[in-house]
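Chain and residue survey
Residues per chain, in single letters:
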Amino acid sequence: MNYEIKQNDKFKFIDEGEGETLVLFHGLFGALSNFSDLIEHFRKEYRVIVPLLPLLELDLLNTTVGGLQKYVNKFFERLNLQDINLLGNSLGGHVALVQILKHPERIKTLTLTGSSGLFENGMGDTYPKRGDREYIRNKTAYTFYDPTMATEELVDEVFEITNNRLKVIKIIALAKSAIRNNLGEELKEIKQPTLLIWGKNDNVTPPFVAEEFHKLIPDSELHFIDKCGHAPMMEVPNEFNAILKPFLEKHKQ
């Protein structure tokens, strides 16, 4: 499904449907296709907005979790978004956490899936040798429970990014920033209802990470999905949407 990418000032985003606002933050290698099933399902009842996070466009100094959070905060201000149901996957979850801690007033609910912010296994100790497509294929497959989810299109996308020296430097900068930016001490400050949807077979942010988030975020509920890796909304969209829908409905105004 191809959606129109809108532009407002410097911000690019998808904006589909009408109703209460549901904003989705993608991760480090987060193609918008990752969210296609989720957008399609929820645009019938919600205004679904997906900002294109400038992971590789910020200057190196601001290529951090904090730099991305400042960007999304300006985006929220620009579109004057209120009462946001905010959802983030992987690094996008981390950005969502920093946003809710700094500017809780705009956010109504929080949903995290495979989020960094406490602990994550990165691309591994050895960063890809440029041009090593097989390495990229294996690392992309590692993200999923079902390795066939690492389609040629997805491998091509990651391969293209990791074949560019400056992009690799920025990805490493973001990954290191995520590891440094540990939110364990602050999570108790989150007052919004929080939903945690986690793959039981997540290799990147393993199940114990979800349990720790659940323990530290006061008003949180945790759902595990079996036979599922780091991107549940992509790998098992029907199960994911079936957990998310009643949570959002419960907190509708």
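Below: a short report on this structure. Just so we're clear, the structure is a prediction, and the values are computed from it rather than from any experiment.

Parameters at a glance
- Residues numbered from 1 in each chain as written.
- Predicted model: local features only at pLDDT ≥ 70, side-chain atom pairs only at ≥ 80, totals over all residues.
- Heavy atoms only, no water.
- Axes fitted to C-alpha atoms, helices over the stretch in contact; angles between N-to-C directions.
- Helix = DSSP H or I, 4+ residues; strand = E, 2+ residues; numbered from the N terminus.
- Parallel < 35°, antiparallel > 145°, perpendicular 65-115°, else oblique.
- Contact = heavy atoms within 4.5 Å.
- Nonpolar A, V, L, I, M, F, W, Y, C, P; charged D, E, K, R; others polar.
- Buried < 20%, exposed > 50% of the residue type's maximum accessible area, 1.4 Å probe, protein only.
- Pairing = 2+ DSSP bridges.
- Right-handed = clockwise from strand over helix to strand, strands pointing away.
- Patch = residues over 30% accessible without salt bridge, like charges linked within 9 Å, V, L, I, M, F, W, Y side chains within 5 Å.
- Areas by Shrake-Rupley, 256 points an atom, 1.4 Å probe, with all protein chains shown as cover.
- Salt bridge = Lys/Arg side-chain N within 4 Å of Asp/Glu carboxyl O.
- Lys, Arg positive; Asp, Glu negative; His and termini not counted.
- Charge placed at Lys NZ, Arg CZ, Asp CG, Glu CD.
- Phe/Tyr/Trp six-rings, centres within 6.5 Å; stacked < 30°, edge-to-face > 60°.
- Lys NZ or Arg CZ within 6 Å of the ring centre and 35° of its normal.

With that settled, the discussion passes to the packing of helix H5 (residues 152–162) against helix H6 (residues 165–180). With their axes 6 Å apart at the nearest point, H5 and H6 run at an angle of 100 degrees to one another. With respect to each other, H5 and H6 are oriented roughly perpendicular. In contact with Glu 160, Ile 161 and Thr 162 of H5, H6 contributes Lys 167, Val 168 and Ile 171. Tallied by class, the residues present in the contact of H5 with H6 amount to 3 nonpolar, 1 polar and 2 charged.

Glancing now at the pairing of strand E7 (residues 194–199). Counted residue by residue, E7 has 6 buried out of 6 residues, so it is predominantly covered. Bridge count between strand E6 (residues 107–113) and E7: 3 bridges; the pairing is parallel. For Leu 110, the partnering residue across the bridge sits in E7 and is Thr 194. Regarding topology, helix H7 (residues 207–216) serves as the crossover connection from E7 to the parallel strand E8 (residues 220–225), and that connection is right-handed.

On to unusual backbone geometry. For Asn 80, which is not glycine, the phi torsion reads 50 degrees and is therefore positive. Secondary-structure assignment places Asn 80 in the loop between helix H2 (65–79) and strand E5 (84–89). One non-glycine residue, Asp 83, lies in the positive phi region at around 50 degrees. Mapping Asp 83 onto the fold places it in the loop between H2 and E5.

For the rest of this paragraph, the subject is a positive patch on the surface. The grouping of Lys 10, Lys 70, Lys 74 and Lys 102 at the surface amounts to a positive patch. Note on placement: Lys 74 falls in helix H2.

With the rule as written, the count across this model stands at 8 aromatic pairs. Aromatic side chains Trp 198 and Phe 213 sit 5.9 Å apart centroid to centroid with 45 degrees between the ring planes, which places their arrangement in the tilted category. With Trp 198 in strand E7 and Phe 213 in helix H7, this residue pair connects regions lying 15 residues apart in the sequence. Owing to a relative accessible area of 0%, Phe 213 belongs among the buried residues under this scheme. Grouped by ring-pair contacts, the aromatic residues Phe 11, Phe 13, Phe 25, Tyr 71, Phe 75 and Phe 76 constitute a single cluster. Here the basic side chain of Arg 133 rests over the ring of Phe 159, its NZ or CZ set 5.6 Å away from the ring centre. The ring of Tyr 142 carries the charged tip of Lys 139 above its face, separated from the ring centre by 5.1 Å.

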